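Each chain, written out:
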Amino acid sequence: MSSENRAAKALGRTFPGGTAQFVAEMNSKATNLGMHSSRFADPAGLDAGTVSTAADLARMLEAAETYPLITEASTTEKMDVRPWSNRGALTYGNTNRLLRSENWDIALSKTGFLREAGRCLVMQANIEGEEISIVLLNSFGKLTPYGDSNRLRKWMLANS
């Protein structure tokens, strides 16, 4: 689903001990998952001090797949929510355009962008019965992670 950085920041602010404790807990969880090359600097992941590696993000994907709410939210194309009874719906759309393709069976996904990190895409998918994790970091163009994912899929199909 589209990112809601304000909600992540609010969660951090209202966490017992505040944002600093929330970020400390995030880093502790990452360490417990074996993500030894990752460091979180803020709740939303927008601080350039947040760093990770492809291997660590693959570990995070493995952990995230055990949470049905995360898998559902990260693979839903769009959702209307009605937070106010006297207003219209807010529509949230997923930024992973591969979800709209019938060629893909995606179980979990997350897109991201920071100037320092480039365009990123991490996802778990099923390709011809094989569960795979794709982690693409620092892609240059807006559509590059999707093109690269399609090229990886085609290569896998041609070499299976």
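The structure this text deals with has already been given above.
These figures come from a predicted structure and were not determined experimentally.

Enquirer: Got a minute to help me understand the pattern of salt bridges in this structure?
Expert: Oppositely charged side chains may form a pair once their charged atoms are brought near each other. Counted under the stated rule, the structure contains three salt bridges. Of the charged contacts in the structure, one is a salt bridge between Arg 59 and Asp 56, with a shortest N-O distance of 3.0 Å. Within this pair, Arg 59 and its partner Asp 56 are both found in helix 3 (residues 54-64), separated by three residues, close to a single helical turn. Among the residues examined, Arg 59 registers a relative accessible area of 35% and is labelled partly exposed. The shortest N-O distance in the salt bridge between Glu 116 and Arg 115 comes to 3.5 Å.

Enquirer: What should I look at first to understand the packing of aromatic side chains in this one?
Expert: A ring pair, where both rings are aromatic, is described by two values, the distance of the centres and the angle of the planes. Scanning the entire structure with this criterion turns up one aromatic pair. With 5.2 Å between their ring centres and 75 degrees between their planes, Phe 15 and Phe 22 make a pair best called edge-to-face. According to the relative accessible area criterion, Phe 22 is buried, its value standing at 15%. Positioned above the aromatic ring of Phe 113, the side-chain terminus of Arg 119 is 4.3 Å from the ring centre. The cationic tip of Arg 153 hangs over the ring face of Trp 104; the distance from NZ or CZ to the ring centre is 5.9 Å.

Enquirer: Please clarify how the sheet that holds strand 3 (residues 106-114) should be interpreted in this entry.
Expert: Paired through their backbone hydrogen bonds, the strands of a sheet run either parallel or antiparallel. The three strands lie next to each other as 3-4-5, forming an open sheet whose pairing is antiparallel. With partners counted over all chains shown, the strands left at the sheet margins are strand 3 and strand 5 (130-139), one partner each. On average, each strand axis in the sheet is tilted by 5 degrees relative to the strand beside it, whichever way the strands run. Its contacts with the sheet place helix 3 against strand 3, strand 4 (118-127) and strand 5, and it is angled at close to 135 degrees to strand 5.

Scoring rules and cut-offs
- Residues numbered from 1 in each chain as written.
- Predicted model: local features only at pLDDT ≥ 70, side-chain atom pairs only at ≥ 80, totals over all residues.
- Heavy atoms only, no water.
- Salt bridge = Lys/Arg side-chain N within 4 Å of Asp/Glu carboxyl O.
- Helix = DSSP H or I, 4+ residues; strand = E, 2+ residues; numbered from the N terminus.
- Buried < 20%, exposed > 50% of the residue type's maximum accessible area, 1.4 Å probe, protein only.
- Phe/Tyr/Trp six-rings, centres within 6.5 Å; stacked < 30°, edge-to-face > 60°.
- Lys NZ or Arg CZ within 6 Å of the ring centre and 35° of its normal.
- Pairing = 2+ DSSP bridges.
- Axes fitted to C-alpha atoms, helices over the stretch in contact; angles between N-to-C directions.
- Contact = heavy atoms within 4.5 Å.

All we've got here are geometric facts, nothing functional implied.
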